[in-house]
Amino acid sequence: MRTKLDLTTWNRKEHFEFFRVFDEPFFGITTAVDFTQGYQKIKDKGYPYFLYYLHKSLQAANAIEAFRYRIEDDQVFLYDQIHASPTIGREDHTFGFSFMEYEEDFEIFIAKAQKQIAEVKNSTGLRHTDNTKRLDTIHYSSIPWYSFTGLTHARHFHFKDSIPKISFGKYTRENGKLHLPIAINVHHGLMDGYHIGLYLEKFQGLLNE
């Protein structure tokens, strides 16, 4: 379900009108979250590593309204719920797109996501399906081979995109703490650094639960 915003009363109307005509309306922030408690829970419970922090990230994004805004035909819609479209790597070093429906219950999310991962791993090509093209998603990727302090994305500027992109890197250990790098790229017409800060605060709190 989605609801169209009334742009005439939206306090970001001028911001939206300003940034929506940019050739590159996205901006990005790269930082790290404290992954110490989250990683310990993964070890204690035997949770799938990637799916654990993916679920927490998606849970945090659903809690922040700005991450559920999407632009369609120059109008802004608020989705009730958003899902994940992560890239999944294969043994032949290619990847495929996937669609993982958001579930509040982590065990249900795991069961559905693992089926989707298996399907991608046993397939070929990009799997650019109707589901992976859905607007009510976040585009996720993971770079588990190394940490990073910056990241860019391939962008088709003629395609009017408003879907957030979130990427994770390899965690690092420093002074007894684990740090998980995260890059967040979002449409500036829909949100600012403040909203990313809200997301990061929520994400960190969920990892620490």
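Right above here is the structure, for reference.
This section reports on the structure supplied with the text.

Basis of the calculations
- Residues numbered from 1 in each chain as written.
- Predicted model: local features only at pLDDT ≥ 70, side-chain atom pairs only at ≥ 80, totals over all residues.
- Heavy atoms only, no water.
- Pairing = 2+ DSSP bridges.
- Helix = DSSP H or I, 4+ residues; strand = E, 2+ residues; numbered from the N terminus.
- Axes fitted to C-alpha atoms, helices over the stretch in contact; angles between N-to-C directions.
- Buried < 20%, exposed > 50% of the residue type's maximum accessible area, 1.4 Å probe, protein only.
- Polar contact = N/O pair within 3.5 Å; in protein donor to acceptor, adjacent residues only side chain to side chain.
- Contact = heavy atoms within 4.5 Å.
- Salt bridge = Lys/Arg side-chain N within 4 Å of Asp/Glu carboxyl O.
- Core = buried A, V, L, I, M, F, W, Y, C linked by side-chain atoms within 4.5 Å.
- 1 Å grid on protein atoms, 1.4 Å probe; cavity = no way out; pocket = protein on both sides within 12 Å on 5 of 7 lines; lining within 4 Å.
- Points joined across faces, edges and corners; volume = space filled by probe spheres on them.
- Nonpolar A, V, L, I, M, F, W, Y, C, P; charged D, E, K, R; others polar.
- Parallel < 35°, antiparallel > 145°, perpendicular 65-115°, else oblique.
- Left-handed = near helix turned anticlockwise from the far one by under 90°.

Read from one edge of the open sheet, 3 strands run β1-β4-β3, paired in antiparallel fashion. Two strands lie at the open edges of the sheet, namely β1 (2–4) and β3 (69–72), each paired on one side alone. Taking the axes of each pair of neighbouring strands and ignoring which way they run, one obtains an average angle of 35 degrees across the sheet. For β1 and strand β4 (residues 75–79), the ladder comprises 3 bridges, and the chain directions are antiparallel. In the strand pairing of β4, R2 is matched with Y79.

Turning to the side chain of N62, a few remarks are in order. Relative to the helices and strands, N62 is located in helix α3 (residues 49–63). Judged by relative accessible area, which is 12%, N62 ranks as buried. Only 2.9 Å separates the side chain of N62 from the backbone nitrogen of I82, close enough to count as a polar contact. In contact with N62, other than residues within four places in its own chain, are R68, D80, Q81, I82 and Y102.

Summarising the element assignment, E201 is placed in helix α5 (residues 193–207). On the basis of relative accessibility, which here comes to 59%, the residue E201 falls in the exposed class. With 37 residues separating them in the primary sequence, E201 and P164 have C-alpha atoms 17 Å apart.

It is worth spelling out the pattern of salt bridges at this point. For the coordinates displayed, the defined rule picks out 12 salt bridges. Across the salt bridge formed by E119 and R127, the nearest N and O atoms sit 3.7 Å from each other. You can call E119 partly exposed: its relative accessible area is 44%. With its nearest N and O atoms 3.9 Å apart, the salt bridge here joins D161 to R155. In this structure R155 comes out as partly exposed when scored by relative accessible area, which is 21%. Put simply, E24, R155, D161 and K165 are held in one network by salt bridges that share partners.

Here we take up the pairing of strand β7 (residues 137–143). In terms of burial, β7 is largely enclosed, as 5 of its 7 residues are buried. For strand β5 (residues 83–89) and β7, the ladder comprises 4 bridges, and the chain directions are parallel. Bridge pairing in β7 links H83 to T137.

Okay, the nonpolar core next. F67 and Y199 are the most contacted members of the largest nonpolar core, which totals 53 residues. Looking at this core, the element that brings in the most residues is α3, giving 8 residues. Residues contacting F67, with those up to four places away along its chain left out, are A61, I82, I138, P164, I166, I184, V186, M191, H195, I196 and Y199.

So, about the layout of surface pockets. In this structure, the largest pocket encloses a volume near 690 Å³. F97, H139, A154, D161 and K165 are the residues nearest the centre of the largest pocket, which is lined by 23 residues in total. Of all elements in the fold, only β5, β6 (95–97), β7 and β8 (165–169) reach the threshold of two or more residues within the lining of the largest pocket. Among the elements that make up the lining of the largest pocket, the one with the highest residue count is β7 (3 residues). Of the residues belonging to the lining of the largest pocket, the class tally is 8 nonpolar, 10 polar and 5 charged. Here the second largest pocket is characterised by a volume of approximately 500 Å³.

Right, let's get into the side chain of H83. As for its placement among the helices and strands, H83 is situated in strand β5. Excluding residues that lie within four positions of it along the chain, H83 makes contacts with L58, F99, M100, E101, Y102, R134, D136, T137 and I138.

Looking now at the packing of α3 against α5. A pair of packed helices is characterised by two quantities: the angle between their axes and the separation of those axes. Contact pair α3 / α5: the axes reach a minimum separation of 9 Å and the direction vectors enclose 135 degrees. Taken together, the axis directions place α3 and α5 in an arrangement best described as oblique. Both α3 and α5 take part in a crossing whose hand is right-handed. Only Y199, K202, F203, L206 and L207 of α5 make contact with α3, whose side of the interface consists of Y52, Y53, K56, S57, Q59, A60, A61 and A63.

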